[in-house]
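# Understanding the architecture of this molecule
Letter by letter, the chains look like this.
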Amino acid sequence: MTADLAGILTYGSFFLVTALSYAILCLGLNLQWGHTGLFNVGIAGFVAIGGYTSAILTTPASDQHLGGFGLPIAVGWIAAMVTAGLASALVGALTLRLRSDYLAITTFGVAVVIHLVALNAQRLTGGPFGIGFIPRPFGDLADKPLLFTGLNLALVAAILLVLALGLERLLHGPWGRVLRAIREDEKAAEALGKSPVRLRLEAFTLGGAIMGLAGAVHGHFIGFIAPDNYQSGLTFQVWAMLIVGGAGNSRGAVIGAVIVWGLWSVSGLAIGGLFPPADQARASSLQLVAIGSMLVAMLLFRPGGILGERTIVSRWVKQR
Amino acid sequence: MMTAQVLADGVLDGAMIGLGAAGVTLTYSILRFSNFAHGEMLTAGAYAALTVSGALGSLLAGSAEPIGDTSIGWGLIAATCLAMGFTALLAIVLDWLVFARLGRKATSITVVMASFGASMALRALVEFAFTSSPAYFNRDMQIAVPIGLGMRVTPDQVALTVFSLFLIILTHLVLTRTQVGRSMRAVSENPALARLAGVDVAKVVRITWALGGALATGAGVMLGLLVQIRPGMGFDLLLPMFAAAIVGGIGSVPGAFCGAMIVGLGEALTVAIVGPEWRAALAFCALIAVLLIKPSGLFGARA
């Protein structure tokens, strides 16, 4: 009985660690899309940059890929934010002056190219076999699954909380107000002396850095990364999470991540139980059909998501 | 000589990308959004043609009998025409179901996102229906014949390049020489003004979708004959198509075709010099180059 309970708890915390890693990703996207209106179709690419940066820096030396340099995990995570942020800044500098569609197309291209590099630049990334032996936080306790996943859950939850609170502060301050002003009426904001391109670039860069961190955090929890983790399906799931939860709202982003990842896991289990092994790969494509239809349906019928954006005029004005 | 063969491969690749890019550029300039589901139009067209030509082959003996030196029978030609109709209809239904409801003006980026969702759902649906294993129109081996300068091409490749050129010229003539084309260009310039002048904007939108779907089917059948048919075929061609449309200048069909030739030749060069596994990176490099140098593209008016 107690063994069962421990098993369920372990599975539950394992599920939540992944869901909360997605939630960190959603916070990054929420900053780009929810508050600034920037459409990033290359999320998987920025996540991959973070995951690979941290993996290369922290793994023990290997002849299968560049490095590893055996540095502490924290160094890897900070570096993941820096490289993913730099990549975002480059993409942003190139496209944010142009029509909004150009950013979408370019980020889409970034994801394609990053996947190609992960797959083919064997000396850098280890090629199709990916990078293993990534040090896991609290790795010494890996033989006690409940304690190990529980501590990891606490760590991811703490990172998420710090990020969410930090972003809330930032977004409810002057910087966030200007961002939303630009999103709502660029000309008016410009007339008041704000530089839309610069602010968009800042938001896009910060959002990309958060995505890189999420990639590193999840890579370290699993202990292994490979190119196929970073395909368009990932981008798509994160979008579904943010739209379901409600863009422009940090709590919505987290709730959306947990709900969509929950639906995804439950439907995956259902397919495993309902279909014979030979048909499972085929049946799992129905998961994507469902998520795609859900995304479109949310856009059509409840574009604000479950929670939607809290519109704050002034803290002194009573909310309806 | 290797270089001449690169030229031949590049032109063939470009002719295929061009058919898709023409559709992308039309939806972009007339419906005002970049349609991420355009790749799936191509996939849908290829699978529709495969299904119809398979049915024709079992119903009418001889429909798969090759014409001339090619591997293409009249059954496949008929199937392609039917598939064009099917894909055109699919595009119109998708517009009616999703894009039109989201509205075409203020938040155009929401429509782009919906097209991204529709793309994923359609691709997964095709994979569920037809499985992810590749399919072929036929398994005939074609022998490449020399055409001078050391270039060798198969009869199919020649026929398909001519087919692509024919469709592009036809589209260009429709846009520049007919009343329908005039209305399409009017909507592209200014929808409100076009409506005031008595243009039926809803009809123009339907025609644009139909044209884009038909051209995508052409590209899909071409890709299916030259390589293979699989659920991700169109999605993998999305970046080259976007790159070609932007290199050529959004809104210009001849521009999209020239852009596609540049991307196609670049891909052939990449394959010859760097290696086939880096092929997909070329479109991205072309895209970045044009955004750095001339964001409006070769023939475009606006960025």
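Here the structure is a predicted model, which is why all the values come from computation and not from measurement. Per-chain numbering applies: the sequence of each chain, read as written, is numbered from 1 onward. Numbering of ligands from 1 and lettering of chains from A proceed in the order in which they are written. Owing to the predicted nature of the model, reporting of local features is limited to residues with pLDDT of at least 70; listing and counting of side-chain atom pairs is limited to 80 or more, with chain, interface and lining totals taken over all residues. Working from all heavy atoms in the structure, the side-chain values ignore hydrogens and water.

### Some words on the overall build of chain A
In this description a helix means any DSSP run of H or I spanning at least four residues, a strand means any run of E spanning at least two, and both kinds are numbered starting from the N terminus. A count of helical and extended segments in chain A gives twelve helices and zero strands. Reading the helices (α) and strands (β) of chain A from amino to carboxyl end gives α-α-α-α-α-α-α-α-α-α-α-α. For a compact globule the rule gives 2.2 Å times the number of residues to the power 0.38, and the radius of gyration it is set against comes from C-alpha atoms. Taking 320 residues into account, the globule formula puts the C-alpha radius of gyration at 20 Å, and chain A, at 20 Å, falls close to it. Seen through its principal axes, chain A has C-alpha atoms that stretch 60 × 45 × 35 Å. Scored against the burial criterion, the 320 residues of chain A give a buried share of 52%. For the purpose of charge, His is not counted, nor are the chain termini; Lys and Arg are scored as positive and Asp and Glu as negative. In plain terms, the charge of a residue is placed at NZ if it is Lys, CZ if Arg, CG if Asp and CD if Glu. Here chain A carries 20 positive and 14 negative side-chain charges, and the mean point of each set is 11 Å from the other. Each residue gets one of three labels from its accessible area relative to the maximum for its type: buried under 20%, exposed over 50%, partly exposed in between, using a 1.4 Å probe on protein chains only.

### Describing the overall build of chain B
A tally of regular secondary structure across chain B gives twelve helices and two strands. Listing every helix and strand of chain B by position from the N terminus yields α-α-α-α-β-β-α-α-α-α-α-α-α-α. For chain B, the C-alpha atoms occupy an extent of roughly 55 × 50 × 35 Å along the three principal directions. For the accessible areas, the method is Shrake-Rupley and the probe is 1.4 Å, while residue cover comes only from the protein chains on display. Summed over all atoms, the accessible surface of chain B reaches about 12700 Å², with 69% contributed by carbon and sulfur. Side-chain charges of chain B comprise 17 positive and 14 negative groups, with the mean position of each set lying 16 Å from the other.

### A short note on the environment of Asp143 of chain A
Residue and element names in this part refer to chain A. Checked against the element boundaries, Asp143 lands in the loop between helix H5 (122-125) and helix H6 (145-172). Residue Asp143 is classed as exposed on the basis of its relative accessible area, which comes to 63%. Distance from Asp143 to Thr36, taken between C-alpha atoms, is 44 Å for residues 107 residues apart in sequence.

### Topic: the side chain of Ser21 of chain A
All names here are of chain A. Secondary-structure assignment places Ser21 in helix H1 (residues 2-34). The definition of a polar contact used here is a pair of N or O atoms within 3.5 Å, where within protein one atom must be able to donate a hydrogen and the other to accept one, and adjacent residues in sequence count solely through side-chain atom pairs. Polar side-chain contacts of Ser21 include one of 2.8 Å to the backbone oxygen of Val17. Should any heavy atoms of two residues lie within 4.5 Å, those residues are considered in contact. When near neighbours in sequence (up to four residues on either side) are disregarded, Ser21 contacts Val156, Ala214, Val217 and His218.

### As for unusual backbone geometry
Residue and element names in this part refer to chain A. For Phe133, which is not a glycine, the phi torsion comes out positive at approximately 55°. In this fold, Phe133 is placed in the loop between H5 and H6. Take Phe133: its relative accessible area is 74%, and that puts it in the exposed class. The phi torsion at Phe138 lies on the positive side, around 60°, for a residue other than glycine. Tracing the sequence through the fold places Phe138 in the loop between H5 and H6. The class of Phe138 is partly exposed, set by a relative accessible area of 35%.

### Digging into helix H3 (residues 74-102) of chain B
Expected span of a helix: the number of residues minus one, times 1.5 Å. With 29 residues, H3 of chain B extends 41 Å between its outermost C-alpha atoms, agreeing within 8% with the 42 Å of an ideal straight helix rising 1.5 Å per residue. At Asp95 of chain B, H3 of chain B shows its largest bend, some 45°. Bending is quantified residue by residue as the angle between axes fitted to the seven-residue window ending at that residue and the seven-residue window starting at it.

### A few points about the nonpolar core
By convention a nonpolar core is built from buried Ala, Val, Leu, Ile, Met, Phe, Trp, Tyr and Cys residues, the set being connected through side-chain atoms within 4.5 Å. One finds Leu25, Trp33, Phe39 and Trp239 of chain A together with Phe36 of chain B to be the most contacted residues of the largest nonpolar core, which totals 183 residues. Beyond its immediate chain neighbours, meaning those up to four positions away, Trp33 of chain A contacts Leu38, Phe39, Trp239, Leu242, Ile243 and Ala247 of chain A together with Ile109 and Met113 of chain B.

### Description of the interface of chain B and chain A
Contact with chain B, which involves 43 residues of that partner, is made by 40 residues of chain A. Salt bridge, as used here: a side-chain nitrogen of Lys or Arg that lies within 4 Å of a carboxyl oxygen of Asp or Glu. Here chain B and chain A share zero salt bridges between them. Linking chain B to chain A there are five residue pairs in polar contact (both at pLDDT 80 or more). Broken down by element, the residue count for the side of chain B that touches chain A peaks at 16 residues, all from helix H4 (residues 108-130) of chain B.

### Notes on the pattern of salt bridges
For the coordinates displayed, the defined rule picks out seven salt bridges over all chains. A salt bridge links Arg183 of chain A to Glu184 of chain A; the shortest N-O distance between them is 2.8 Å. With relative accessibility at 25%, the residue Arg183 of chain A sits in the partly exposed group. What emerges from the salt-bridge pattern is a single network uniting Asp13, Glu267 and Arg279 of chain B.

### With respect to the environment of Gly224 of chain B
All names here are of chain B. Residue placement: Gly224 occurs in helix H8 (residues 201-226). According to the relative accessible area criterion, Gly224 is buried, its value standing at 2%. Residues contacting Gly224, with those up to four places away along its chain left out, are Phe137, Ile229 and Met233.

### Quick word on the confidence of the model for chain B
Confidence of the predictor at the level of single residues is given by pLDDT, which spans 0 to 100. The share of residues in chain B with pLDDT of 70 or more is 96%, and the mean pLDDT across the chain is 89. Helix H10 (residues 238-248) of chain B holds the highest mean pLDDT among the elements of chain B, 95, whereas strand E1 (residues 145-146) of chain B holds the lowest, 81.

### Remarks on the packing of aromatic side chains
Each Phe, Tyr or Trp ring, with Trp reduced to its six-membered ring, pairs with another whose centre is within 6.5 Å; inter-plane angles below 30 degrees give stacked pairs, above 60 give edge-to-face pairs, and intermediate values give tilted ones. Considering all chains together, one arrives at 17 aromatic pairs over all chains under this definition. Aromatic side chains Trp33 of chain A and Phe39 of chain A sit 6.1 Å apart centroid to centroid with 65° between the ring planes, which places their arrangement in the edge-to-face category. Per residue, the accessibility class of Trp33 of chain A equals that of Phe39 of chain A, and both read buried. Ring centres 5.4 Å apart and planes at 85° place the aromatic pair Phe108 of chain A and Phe36 of chain B in the edge-to-face group.

### Some details on the environment of Lys187 of chain A
Residue and element names in this part refer to chain A. Relative to the helices and strands, Lys187 is located in helix H8 (residues 186-191). Since its relative accessible area comes to 68%, Lys187 is described here as exposed. Distance from Lys187 to Asp63, taken between C-alpha atoms, is 54 Å for residues 124 residues apart in sequence.

### Quick notes on helix H11 (residues 250-274) of chain A
All names here are of chain A. Taking 1.5 Å per residue as the helical rise, H11 with its 25 residues ought to reach 36 Å, and the 36 Å between its terminal C-alpha atoms agrees with that figure. If you check which residues of H11 are buried, you get Ser250, Gly252, Ala253, Val254, Gly256, Ala257, Val260, Trp261, Gly262, Trp264, Ser265 and Ile271. Of the residues flanking the start of H11, the one acting as N-cap is Asn249, its side-chain oxygen 3.0 Å from the backbone nitrogen of Arg251.

### Notes on the packing of helix H5 (residues 155-177) of chain B against helix H11 (residues 253-273) of chain B
Residues and elements named next belong to chain B. Under this scheme, a helix contributes an axis fitted over its contacting stretch, all axes are lines through C-alpha atoms, and angles between N-to-C directions fall in the 0 to 180 degree range. Relative to each other, H5 and H11 sit at 155°, their axes nearing to 9 Å. When the interaxial angle is binned, H5 and H11 end up roughly antiparallel. Of H11, the residues touching H5 (which contributes Ser164, Leu165, Ile168, Thr171, His172 and Leu175) are Val253, Pro254 and Phe257. Charged means Asp, Glu, Lys or Arg here, nonpolar means Ala, Val, Leu, Ile, Met, Phe, Trp, Tyr, Cys or Pro, and polar covers whatever is left, Gly included. Looking at the contact of H5 with H11 residue by residue, the class counts come to six nonpolar, three polar and no charged. Roughly parallel means an angle under 35 degrees; roughly antiparallel means over 145; roughly perpendicular covers 65 to 115; every other angle is labelled oblique.

### Looking at the confidence of the model for chain A
Model confidence for chain A is summarised by a mean pLDDT of 88, while 95% of its residues fall at 70 or above. Element-level pLDDT for chain A is lowest in helix H12 (residues 277-301) of chain A, with a mean of 83, against a maximum mean of 96 in helix H2 (residues 43-58) of chain A.

### Some thoughts on the packing of H5 of chain B against H8 of chain B
When two helices pack together, their arrangement is given by the angle between the helix axes and the distance between those axes. Residues and elements named next belong to chain B. As a packed pair, H5 and H8 sit with axes 11 Å apart at the nearest point and diverge in direction by 170°. By the angle class used here, H5 and H8 are roughly antiparallel. Of H8, the residues touching H5 (which contributes Asp156, Gln157, Leu160, Thr161, Phe163, Ser164, Leu167 and Thr171) are Leu211, Leu215, Gly218, Met222, Leu225 and Leu226. The residue inventory of the contact of H5 with H8, partitioned by class, reads eight nonpolar, five polar and one charged.

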